[in-house]
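Residue-level structural notes
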Amino acid sequence: MLIKILGAAAGGGFPQWNCNAATSRAAWSNAAGVKPCTQSSLAISADGDRWILLNASPDIRQQIAATQALHPRAKGTLRNSPIQAVVLTNADVDHVAGLLSLRERHPLTIYGSSRVLDVLAANSIFNVLHPDHVTRRPLVLGEPNAIAHHGRYLGITVEPFGVPGKIALYLEDAAAGPGLGTREGDTIGLKVTATATGHAFYYLPACAAVDAGLRQRLRGSSLVFFDGTLFTDDELVKQGLSDKTGARMGHISMAGPDGAMAAFADLDVARRIFIHINTSNPAWIEGSPERREIEAAGWEIACDGMEVRL
Ligand code: MLT
Ligand code: MN
């Protein structure tokens, strides 16, 4: 199975369009050891020919342009794309807005939890993905779902499972209590398996906590892409960017006793890669103390164009 990191950054990208704080400024000024990145998305393929997107970011056009494997095939028909299907892990803007760029009456299959598909159904702008051509399929949580397009299996199954998290920002309901209206299916993680080889990896671009169930699931796995939104929970507050903590945003932080690095310390995961990294996160800066701490803990920082072969 081929995995291409199309976008490693969280919502807004790196640098975010309106951000002038230190880490973003380093990217705006092309500082050494700082690589700008687009918004969170992976492309995967069992055969190198037919591709599945995991989330569709607002930067999708730029991501396709930068990735030759996703260009229309020169020997194909006048309108063609190797992208066959999209699997969504939540309804965040950074994960669904790219669907709007996949219009032009092109055949495609979109998978998501019923909860996320309901969000698409409630927003008529997504009807630019014309139902005559684009099929929406609900994922069954807790079971392997065969990913197919037009009845042809693409050689990959995804097992979606609920993870601690939050409803999309624009759907938050303050009147609904502390959960803001969050329900099952608002945030899922994926176990992605190639049938031919049995090789599997996990993809969790949003996760608020590593609970006992998640620990059990991830233990001993060979590769996990995991929510790296913030380095510390109060990073946005300390930098004067926002009054929101990571916990309020539905994202575990990388560092600290309640952070991802500590949670994974005894999970025996062979390869751990942070993804969905916010523009404020000092982990972006090569050689920074935070980056060194991450690397010392055995983690990698994803970047656009990174590839993994499983
Ligand atoms: C998030 O990951 O918290 C969201 O993408 C935030 C947003 O929608 O801006
Ligand atoms: Mn996001």
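Throughout what follows, the structure given in this document is the object of discussion. Note that this is a predicted model, so its numbers are computed, not measured.

Quick look at the pattern of salt bridges
- A full pass over the atoms with the stated rule returns 11 salt bridges.
- Between Lys 4 and Glu 307 there is a salt bridge; the shortest N-O distance is 2.6 Å. With Lys 4 in strand β1 (residues 2-7) and Glu 307 in strand β14 (residues 307-309), this residue pair connects regions lying 303 residues apart in the sequence.
- By relative accessible area, which is 15% here, Lys 4 ends up buried.
- In the salt-bridge network here, residues are joined through shared partners; they are Lys 166, Glu 172 and Arg 248.

Quick notes on the packing of aromatic side chains
- On inspection of all chains with the given rule, the structure shows 7 aromatic pairs.
- In textbook terms, an aromatic cluster arises when at least three aromatic residues are bridged by ring pairs, as seen for Phe 226, Phe 264, Phe 274 and Trp 299.
- The ring of Phe 161 has Arg 217 sitting right over it, with the charged end atom 4.0 Å from the ring centre.

Description of the site of ligand 1
- Surrounding ligand 1, one finds Asp 92, Asp 94, Leu 169, Met 249, His 251 and His 276.
- Measuring from an oxygen atom of ligand 1, one finds a side-chain N or O atom of Asp 92 at 3.1 Å.
- The contact in question runs from an oxygen atom of ligand 1 to an N or O atom on the side chain of His 276, over 3.1 Å.
- For ligand 1, whose free accessible area comes to 270 Å², the fraction covered by protein is 76%.
- Classifying every residue of the shell around ligand 1 by side-chain character gives 2 nonpolar, 2 polar and 2 charged.

Some details on the coordination of the manganese ion (ligand 2)
- Protein coordination at the manganese ion (ligand 2): the donors are Asp 94 (OD), Asp 94 (OD) and His 276 (NE2), at 2.2 to 2.8 Å from the metal. With a gap of 182 residues between them, Asp 94 in helix α3 (residues 93-96) and His 276 in the loop between β12 (271-275) and α9 (289-296) connect regions that are remote in the sequence. Residues Asp 94 and His 276 agree in their burial class; the two are buried.

Here we look at the sheet that holds β1
- Read across the open sheet, the 7 strands follow the order β6-β5-β4-β3-β2-β1-β14; overall the sheet is mixed. For this open sheet the edge positions go to β6 (134-138) and β14, each flanked by a neighbour on one side alone. Going from strand to strand, the sheet's axes swing by 20° on average, the running direction of each strand aside.
- Bridge count for strand β2 (residues 41-45) against strand β3 (residues 51-54) is 3 bridges, and the pairing is antiparallel. What sits directly across from Ala 43, in β3, is Leu 53.
- Against the sheet, helix α4 (residues 114-122) contacts β5 (108-112) and β6, and its axis sits at roughly 145° relative to β6.

Here's the deal with the sheet that holds strand β9 (residues 188-194)
- One open sheet accounts for 7 strands, arranged β7-β8-β9-β10-β11-β12-β13; its pairing is mixed. Edge positions in the sheet fall to β7 (145-149) and β13 (299-301), since each of these pairs with one other strand and no more. With direction set aside, neighbouring strand axes in the sheet form an average angle of 25°.
- Bridge analysis of strand β8 (residues 152-162) against β9 gives 7 bridges, and the strand direction is antiparallel. The partner of Ile 156 across the bridge, within β9, is Ala 194.

Reading guide: rules and limits
Residues numbered from 1 in each chain as written. Chains lettered and ligands numbered in written order. Predicted model: local features only at pLDDT ≥ 70, side-chain atom pairs only at ≥ 80, totals over all residues. Heavy atoms only, no water. Salt bridge = Lys/Arg side-chain N within 4 Å of Asp/Glu carboxyl O. Helix = DSSP H or I, 4+ residues; strand = E, 2+ residues; numbered from the N terminus. Buried < 20%, exposed > 50% of the residue type's maximum accessible area, 1.4 Å probe, protein only. Phe/Tyr/Trp six-rings, centres within 6.5 Å; stacked < 30°, edge-to-face > 60°. Lys NZ or Arg CZ within 6 Å of the ring centre and 35° of its normal. Near = heavy atom within 4 Å. Polar contact = N/O pair within 3.5 Å; in protein donor to acceptor, adjacent residues only side chain to side chain. Areas by Shrake-Rupley, 256 points an atom, 1.4 Å probe, with all protein chains shown as cover. Nonpolar A, V, L, I, M, F, W, Y, C, P; charged D, E, K, R; others polar. Donors = N, O, S within 2.8 Å, 3.2 Å for Na, K, Ca; no water. Pairing = 2+ DSSP bridges. Axes fitted to C-alpha atoms, helices over the stretch in contact; angles between N-to-C directions. Contact = heavy atoms within 4.5 Å.

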